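Architecture and fold: a report
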Amino acid sequence: MADSPLPLYHKVYLLLKQRLQAGGFAPLAALPGENALAAEYGVSRLTIRRSLEALEAEGLIERRQGRGTFAAGQAVLSAPQQSTDIDTLLTHLARMGMQTQVTLLALETLAAPPQVAAQLELPAAAQVQRAVRVRSHQGLPFSYLTTYVPQAIARRITRDDLVGKPLLAIFRDLGVQVARAEQSISAVLAEPQAAAALDVPVGSALLSLHRLVRDADDHPVEWLHALYRPDRYEYRMDMQAHDTPGQPAWLPAGTASP
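Predicted model, so just to flag it, every value in this text is computed and none were measured. (Residues numbered from 1 in each chain as written. Predicted model: local features only at pLDDT ≥ 70, side-chain atom pairs only at ≥ 80, totals over all residues. Heavy atoms only, no water.)

**Considerations on the packing of aromatic side chains**
- Under the counting rule described, the total for this entry stands at 0 aromatic pairs.
- Directly above the ring of Y9 sits R50, whose terminal nitrogen or CZ lies 3.9 Å from the centroid.
- Here the basic side chain of R64 rests over the ring of F70, its NZ or CZ set 3.9 Å away from the ring centre. (Phe/Tyr/Trp six-rings, centres within 6.5 Å; stacked < 30°, edge-to-face > 60°. Lys NZ or Arg CZ within 6 Å of the ring centre and 35° of its normal.)

**What about the side chain of E34?**
- For E34, the position within the fold is in helix α2 (residues 34-41).
- For E34, the side chain forms a polar contact with the side chain of R63, separated by 2.7 Å.
- Apart from residues no more than four positions distant in its own chain, E34 is found in contact with R45, I48, R49, L52 and R63. (Helix = DSSP H or I, 4+ residues; strand = E, 2+ residues; numbered from the N terminus. Polar contact = N/O pair within 3.5 Å; in protein donor to acceptor, adjacent residues only side chain to side chain. Contact = heavy atoms within 4.5 Å.)

**With respect to unusual backbone geometry**
- Here the phi dihedral of L28 falls at roughly 75°; this positive angle occurs in a residue that is not glycine.
- The backbone phi angle of D199 is positive, close to 60°, even though this residue is not glycine.
- What makes D199 exposed here is its relative accessible area of 54%. (Buried < 20%, exposed > 50% of the residue type's maximum accessible area, 1.4 Å probe, protein only.)

**Some thoughts on the side chain of E222**
- Mapped onto the secondary structure, E222 falls in strand β9 (residues 220-228).
- Buried E222, no salt bridge; nearest opposite-charge side chain is R133, N-O distance 5.4 Å. (Lys, Arg positive; Asp, Glu negative; His and termini not counted. Salt bridge = Lys/Arg side-chain N within 4 Å of Asp/Glu carboxyl O.)

**Observations concerning the sheet that holds strand β7 (residues 178-189)**
- With antiparallel pairing, the 6 strands of this open sheet are ordered in space as β4-β5-β6-β9-β8-β7. Two strands in the sheet have a free side with no partner beyond their single neighbour: β4 (101-111) and β7. Direction aside, neighbouring strands of the sheet carry axes that sit 15° apart on average.
- Lying on the sheet, helix α8 (residues 167-174) is in contact with β5 (127-137), β6 (140-150), β7, β8 (205-215) and β9; it crosses β9 at an angle near 160°. (Pairing = 2+ DSSP bridges. Axes fitted to C-alpha atoms, helices over the stretch in contact; angles between N-to-C directions.)

**Focus: the pattern of salt bridges**
- If you walk through the whole model with that rule in mind, you get 16 salt bridges.
- Of the charged contacts, one joins R63 and E34 as a salt bridge, the two residues approaching to 2.7 Å between their closest N and O atoms. Of this pair, R63 sits in strand β1 (residues 61-64) while E34 sits in helix α2, and the two are 29 residues apart along the sequence.
- Residues joined by salt bridges that share partners form a network here, namely K17, E58, R229, D231 and R232.

**Some points on the nonpolar core**
- Judged by nonpolar contacts, the single largest core of 16 residues is most densely connected at L16, L20, I48, L52 and L55.
- Mapped onto this core, the elements with two or more residues apiece are α1 (8-21), α2 and α3 (45-57).
- In terms of residues, this core owes the most to one element, α1, which gives 4 residues.
- Residues L162, L168, V176 and V213 belong to the second largest nonpolar core, which totals 15 residues. (Core = buried A, V, L, I, M, F, W, Y, C linked by side-chain atoms within 4.5 Å.)

**Quick look at the pairing of β9**
- By the criterion of burial, β9 is predominantly enclosed, with 8 of the 9 residues buried.
- In the sheet, β6 pairs with β9 via 6 bridges, with the strands oriented antiparallel. For L145, the partnering residue across the bridge sits in β9 and is A226.
- Summarising the sheet, β8 and β9 pair through 8 bridges and their orientation is antiparallel. Across the sheet, the residue bridging to R214 is P220, located in β9.

Right, here's the structure in full:
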């Protein structure tokens, strides 16, 4: 197997989990034996055994003494997100808030770092609230969220609010009318602090999302940097074919042709 910052057993665990979730092993069907899997993935039987132990701990497989290893029922990623507009995003976050748990790691008021001040269109060193949270599903962490909010809004946001509700729901309760967001998605390697919070090795690949949220007056109200474990989270978007000048193109569903 190719070089990776992940321990070998963890890399095999991720590959097997991906295979399970993609339907590569039918629900409730027997998996190949440890020797067969070791040969298939080019690793030792001990590595396969540790990988299967990790899958069993997540409830993705069942190991039956004397009978073998069996796939659990259809596996589903912890928190798929599907959104193309603010209303859909609010609905998704409200549902996520009921199905997941939040740990607030940090909450402070500080002078905005230059990049944050620029994104929030604030004067240099303006005061902002910085919150760092980890969101988990069934006790397993899947997202590491760092948010910055202008102090004019943040002074009304409490620690209990941040633990109990998604930030967009807090805005709604405060009367802040969220209108649109600008978002980008890429991949990064896990730094030590995020790696520890998400329970992955340092240097693991993470999904990285930046989102700038604006109110009805087009003023920035939130700058978010979210890191996600790709084995526990996926981002979905409905696309629709449009006839555009020159050639057909795929655009997010609900988007008018240019």
